[in-house]
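# Notes for the structure review
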Amino acid sequence: MLLLGLLLALGIVAPSGQVILRLGPASDAPWPRFSVYPPSPRPDDVVRVEVIDRIPWGYILLTVNGEPAALEQIEAIPASGIWRWRWRFRMPAEAVELAFYRDCHEGCRLRGRLALGDLEPTPASPPLPTKLGLVFPHPERDWKGRAGWAVELTYAQRAEDPDWGIDALAARVARDQRHGLRVLVRVDYDRGQTLPPPGDLEGLARYLRYLERLGRDERLQGVYAYFLGSGPNEALSNRLSPDRPISPAWYARVFNGYGESPTRIDNAAAVLRAANPRARLLIGPVRPYVRDQDGERRSRVDVPWLNYFNTLVAFIDEAARARAAMGQWNPGPDGFALHVPGRPEAARAAGYPEAEEPRLDLRDAMGARVGFRALYDWLEIINAYPSTRGRPVYITSSNTYTPDEGVPPAHNYPRGWLTAAWSVVAGEPQVEAFCWFLDWDPQWADFSLWWGKGRLRDAAAEFEALLGSEP
């Protein structure tokens, strides 16, 4: 009671039980001020929130458990020198946290918070970490007390898009974090264009500005890592400039300034680390079995996708070492996002059960691994360079679909495959995350664990069992 009385006197806890956190210098402590109507809302009530402040903030936002509320009115009151903003939302069944942000055009800055209802206390024991994760996890998935992984996506050219822009991303990140998940965010340039078109310096500047905004945004400070694009070696990832493919040199140029003077800072590593020194930055996944591009630095196994990846890593390592020699901080990657699909048909063709494919070291005529153990071809290249050796890897996309065969998991998944792949990942310390593509998206029903179409019923059941069986 003594603590409650002190908090009431300081204006941190209101008599209604609402918890208020105001940010700013001591001289500005009474601002902003919140009012809620009705003051004790019940589930499904329409709630109106009024925020007043002495500063006419621009680009303001109010979120309700991470979701933007509807702005109804902005009003200046000249006689009192204050500004008033009003929002509305519908009260959910659970308690909510309101957060008032300003300057969201540069990355939202938190100005104040208000809690309505009794927020759930922090669990006595935190969720147990697991390597298991999902691309686009369903909001209602039960993670069985595990701190798994979520992979989310945003587009730099669609920063205000209601589905793929920064506000939608922040809402998904907030939801994932309420489930205890660690979030990996893929940052693409636009639909069908995973990075800015090669040589497009204006496009590069727009992409870097968006990365900077992501890094600054206080709603996204809990993001575990960002990775740049996916499948840059594939023509389908370069639809805006089909005559100018995303070469390894261009990817490395975008990532950490390969080919430019080490004094230049117009690259993703420099921009993101300046905006948020805590942010991790990963190299995005190269797509295996794709022959759309090759690479000039030949891999030990001479196939296009491994040559491309080897060249890309060599260029990024070269730029990282040149910048480190000048005293720059952390100019290389914090790790790698990987695409590691299975190929159960290869096991059957070799006379083995399809479900055993992840445990089998199957190779093509050139010596490249086929199937899930292609993981070790990626690791061999990563561990061959000084600035990337031993860096953690995150499998941000895995299932039993390969682009050259084109059969989705709903039609080719063999019972037991996910369990076998998990046995490989669990024993590999360099692998931090193993994420199935995907959990929930109406456009990808033949890949969705949540819907469990066709053979995916078995995969969904195995995922549930693996979550529940870990020690």
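Higher on the page you've got the structure.
The following refers to the structure shown.

Cut-offs applied
Think of each chain on its own: its residues are numbered from 1, step by step along the sequence as written. For a predicted model such as this one, the threshold for reporting local features is a pLDDT of at least 70, and the threshold for listing and counting side-chain atom pairs is 80 or more; totals across whole chains, interfaces and linings nevertheless cover every residue. The side-chain quantities take in all heavy atoms of the structure and omit both hydrogens and water. Under the DSSP-based scheme used, a helix requires at least four consecutive residues in state H or I and a strand at least two consecutive residues in state E, with every element numbered from the N terminus. Classification of residues uses two cut-offs on accessible area relative to the type maximum, computed with a 1.4 Å probe and protein chains only: under 20% is buried, over 50% is exposed, and between them is partly exposed. Any two residues having at least one pair of non-hydrogen atoms within 4.5 Å are treated as being in contact. By nonpolar core we mean a set of buried residues, namely Ala, Val, Leu, Ile, Met, Phe, Trp, Tyr and Cys, connected to one another through side-chain atoms within 4.5 Å. Working definition: a ring pair exists when centres of Phe, Tyr or Trp rings (six-membered ring for Trp) sit within 6.5 Å. Plane angles under 30 degrees give stacked, over 60 give edge-to-face, the rest tilted. By definition, being over a ring means that NZ of Lys or CZ of Arg is both within 6 Å of the ring centre and within 35 degrees of the ring normal. Of the two site types, the cavity is a set of points on a 1 Å grid over the protein atoms alone where a 1.4 Å probe fits but cannot get out, and the pocket is an open set with protein on both sides within 12 Å along at least five of seven lines, each lined by residues with an atom within 4 Å of a point. Grid points are joined across faces, edges and corners, and a volume is the space filled by probe spheres set on the points. When residues are grouped by polarity, Ala, Val, Leu, Ile, Met, Phe, Trp, Tyr, Cys and Pro land in nonpolar, Asp, Glu, Lys and Arg in charged, and all others, Gly among them, in polar. The convention used is that axes are lines fitted to C-alpha atoms, helices contributing only their stretch in contact, and that angles between N-to-C directions extend from 0 to 180 degrees. For classification purposes, angles smaller than 35 degrees are called roughly parallel, those larger than 145 roughly antiparallel, those between 65 and 115 roughly perpendicular, and all remaining angles oblique. Crossings are assigned a handedness: left-handed for a near helix turned anticlockwise from the far helix by less than a right angle, right-handed for a clockwise turn. Criterion used throughout: strands pair if DSSP finds at least two bridges between them.

## Focus: the environment of L228
With respect to the secondary-structure elements, L228 resides in strand β13 (residues 225-228). Judged by relative accessible area, which is 0%, L228 ranks as buried. Expressed as a C-alpha distance, the spacing of L228 and A337, which sit 109 residues apart in the sequence, is 8.9 Å. In this view, L228 contacts V187, L195, Y207, L211, Y251, V254, F255, A268, L281, L282 and G284; residues no more than four positions away in its chain are not counted.

## Some remarks on the nonpolar core
By size, the foremost hydrophobic cluster in this structure holds 91 residues, and its most contacted members are Y226 and L228. Per-element accounting of this core gives the leading share, 10 residues, to helix α6 (residues 304-325).

## What about the packing of aromatic side chains?
If you walk through the whole model with that rule in mind, you get 22 aromatic pairs. Plain terms: the ring middles of Y289 and W305 are 5.4 Å apart, the flat faces sit at 70 degrees to each other, and that makes the pair edge-to-face. Here Y289, found in the loop between β14 (281-283) and α6, pairs with W305, found in helix α6; they are 16 residues apart in sequence, far enough to count as distant. Grouping residues by exposure puts Y289 and W305 together as buried. When the centroid spacing of 5.7 Å and the interplanar angle of 70 degrees are considered together, the rings of F372 and F434 count as edge-to-face. With F372 in the loop between α7 (344-349) and α8 (375-382) and F434 in strand β17 (residues 431-436), this residue pair connects regions lying 62 residues apart in the sequence. We classify F372 as buried; its relative accessible area is 0%. A relative accessible area of 3% places F434 in the buried class. Through a chain of ring-to-ring contacts, the aromatic side chains of F372, Y413, W417, F434 and W436 assemble into a single cluster. One residue, R33, lies across the ring of W31, its end atom 3.8 Å from the ring centre.

## Observations regarding empty space enclosed by the protein
For the coordinates displayed, the defined rule picks out 1 cavity of 30 Å³ or more. For the largest cavity, the full set of lining residues is S299, R300, V301, L306, D377, E380 and I381. Residue composition of the lining of the largest cavity, grouped by class: 3 nonpolar, 1 polar and 3 charged.

## Describing the packing of helix α3 (residues 201-216) against helix α5 (residues 268-275)
One way to put it is that α3 packs onto α5 with a least axis distance of 8 Å and a crossing angle of 25 degrees. Classified by the interaxial angle, the pair formed by α3 and α5 is roughly parallel. Judged by the twist between their axes, the crossing of α3 over α5 is right-handed. Residues L208, L211, E212, G215 and R216 of α3 form the contact with α5, whose participating residues are A268, V271, L272 and A275.

## So, the layout of surface pockets
For the second largest pocket, the calculated volume is near 990 Å³. What lines the second largest pocket is a set of 33 residues, among which R186, S230, R287, F437 and W444 lie closest to the centre. Tallied by class, the residues present in the lining of the second largest pocket amount to 14 nonpolar, 10 polar and 9 charged.

## Quick notes on the pairing of strand β16 (residues 393-398)
Counted residue by residue, β16 has 6 buried out of 6 residues, so it is predominantly covered. With 4 bridges connecting them, strand β15 (residues 335-339) and β16 associate as parallel partners. Directly across from L338, in β16, lies its bridge partner I395. In this sheet, β17 lies alongside β16 in parallel orientation, the contact comprising 4 bridges.

## Comments concerning unusual backbone geometry
Residue Y37 is joined to P38 through a cis peptide bond whose omega torsion reads -5 degrees. Residue position: P38 is located in the loop between β2 (33-37) and β3 (46-53). The amide bond that connects F437 to the next residue, L438, takes the cis arrangement and shows omega of -5 degrees. Relative to the helices and strands, L438 resides in the loop between β17 and α11 (456-469).

## Thoughts on the packing of α6 against α8
Close contact between α6 and α8 brings their axes to 10 Å; oriented N to C, the two are set at 30 degrees. The pairing of α6 with α8 is recorded here as roughly parallel in orientation. The hand of the α6/α8 crossing is right-handed. Across the interface between the two elements, W305, L306, F309, N310 and V313 from α6 touch D377, W378, I381 and I382 from α8. Looking at the contact of α6 with α8 residue by residue, the class counts come to 7 nonpolar, 1 polar and 1 charged.

## Remarks on the sheet that holds strand β7 (residues 82-90)
Strand pairs in the sheet, formed through backbone hydrogen bonds, run parallel or antiparallel to each other. Overall, antiparallel pairing links the 4 strands, which are arranged β2-β3-β7-β6 in an open sheet. Each having just a single partner strand, β2 and β6 (70-77) make up the two edges of the open sheet. For this sheet, the mean inter-axis angle between neighbouring strands, taken without regard to orientation, is 20 degrees. Where β3 and β7 come together, 8 bridges link them in antiparallel fashion. Residue pairing across strands places D53 opposite W83, the latter belonging to β7.

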